[in-house]
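# Commentary on secondary and tertiary structure
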Amino acid sequence: MSADPVATVTGVPVHVGDVDAREAGLRNSPRAAALPPSGTSEGRQLRRWLTQLIVTERLIAAEAAARGLTAAAAPTEAELLPDVAARLEIGSVAAAVLADSRARALFADVTAEVVITDDEVADYHARNPLRFAPPRPEVHGWRAPAVAGPPLEQVRPAIAGHLLAAARRRAFRIWLDARRAEAVRLAPGYEHPGDPRQPDNTHRH
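Residues numbered from 1 in each chain as written. Predicted model: local features only at pLDDT ≥ 70, side-chain atom pairs only at ≥ 80, totals over all residues. Heavy atoms only, no water.

## A few points about the sheet that holds strand β1 (residues 7-9)
- If you walk across this open sheet you meet the three strands as β2-β1-β5, and the pairing is antiparallel. With one partner strand each, in any of the chains shown, β2 (12-14) and β5 (184-186) form the two edges of the open sheet. Here the average twist between neighbouring strands, direction ignored, is 20 degrees.
- Sheet topology note: the β1/β5 ladder contains three bridges and is antiparallel. Bridge pairing links Thr8 to Arg185 in β5.
- Across the sheet, helix α2 (residues 41-66) is in contact with β1, β2 and β5; its angle to β1 comes to roughly 15 degrees. (Pairing = 2+ DSSP bridges. Helix = DSSP H or I, 4+ residues; strand = E, 2+ residues; numbered from the N terminus. Axes fitted to C-alpha atoms, helices over the stretch in contact; angles between N-to-C directions. Contact = heavy atoms within 4.5 Å.)

See the structure below:
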C-alpha cells in the first residue's frame, strides 16, 4: 500500500501509522479471531474500512468543534441506533462513530430540522396496518399476532417516532457522505472498501 499519508481530512494528514495502530488494537482484542489475515485481500479491505473510520472520526471531531457542540446534550446511542436494522441502515462507519457522544451531538444538530408530515404517517399506516398492532392475548399467557390493524390515532405517535428516526438517520448519512466527499482525500490503496475501481472490491453485478 502507499506511503504516508494514507489520507487527508481538510488537508490534515492521516498517516499509515494511525491505521497500523488501529489495526493492532483490533488484532490484540477479543475479536481478533474473527478478523481476516493480514496481507490478504480481505485484510486490505479491513485496513480500508479502518481508514474510513479514522477519517470520519476526525471529520466529525472538527465539525463538532466548529459548531461549538459538546457532549452534554447528546442523545444516547440507543436512541439513535435502537437495533441492528438501524445500524445497517446508517452504514457501518457511521454506526461505529456514533459510539462517541460528540458524534451524537453533531447528529442531533445536523438533523434538527428533519420533520415528518401527517400525510407520511397516514400513508405508512395504510401500507403497514399491522406494523404497530399489539399482539392478541391467548390462553396460558401466550400472545398471538394481531389480525386487525388499530386505528391510526392509536398508533400515530409510534409511527411518527419510527419515521422520524429513520428520516434523521438518512439525513445524517447523506450529510456525512457529502462532507467526506468535500473534505477527505484518500491515497491509492486506501480507497473506500466499496470503490469498484480498487482491486480488492469483490462486489460485482
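Past the structure itself, the notes keep going.
## Structural notes on unusual backbone geometry
- For Thr10, which is not a glycine, the phi torsion comes out positive at approximately 50 degrees.
- Within the fold, Thr10 resides in the loop between β1 and β2.

## Looking at the packing of helix α7 (residues 118-127) against helix α8 (residues 152-183)
- Where α7 meets α8, the closest approach of the two axes is 9 Å, and the angle between their N-to-C directions is 110 degrees. Taken together, the axes of α7 and α8 are roughly perpendicular relative to one another. Judged by residue contacts, Asp118, Glu120, Val121, Ala122, Tyr124 and His125 of α7 engage Leu152, Val155, Arg156, Ile159, Ala160, His162 and Leu163 from α8.
- Tallied by class, the residues present in the contact of α7 with α8 amount to eight nonpolar, two polar and three charged. (Parallel < 35°, antiparallel > 145°, perpendicular 65-115°, else oblique. Nonpolar A, V, L, I, M, F, W, Y, C, P; charged D, E, K, R; others polar.)

## Concerning the layout of surface pockets
- Computed from the structure, the largest pocket encloses a volume of approximately 280 Å³.
- Lining the largest pocket we find Arg22, Leu26, Arg31, Leu35, Leu46, Trp49, Leu50 and Leu53.
- Counting only elements with at least two residues in the lining of the largest pocket, the list comes to α1 (16-27) and α2.
- Broken down by element, the lining of the largest pocket gets its largest block of residues, four residues, from α2.
- Among the residues forming the lining of the largest pocket, the class breakdown is six nonpolar, no polar and two charged. (1 Å grid on protein atoms, 1.4 Å probe; cavity = no way out; pocket = protein on both sides within 12 Å on 5 of 7 lines; lining within 4 Å. Points joined across faces, edges and corners; volume = space filled by probe spheres on them.)

## Quick look at the nonpolar core
- In this structure, Val14, Ile60, Leu81, Ile90, Leu98, Phe172 and Leu176 are the most contacted members of the largest nonpolar core, which totals 31 residues.
- Of all elements in the fold, only β1, α1, α2, α4 (84-90), α5 (92-97), α6 (101-110) and α8 reach the threshold of two or more residues within this core.
- The greatest single-element share of this core, amounting to seven residues, is contributed by α2.
- If near-sequence neighbours (up to four positions away) are discounted, Phe172 is found in contact with Ile60, Ile90, Leu98, Leu106, Phe107, Val110 and Thr111. (Core = buried A, V, L, I, M, F, W, Y, C linked by side-chain atoms within 4.5 Å. Buried < 20%, exposed > 50% of the residue type's maximum accessible area, 1.4 Å probe, protein only.)

Shape descriptors only; they carry no functional weight alone.
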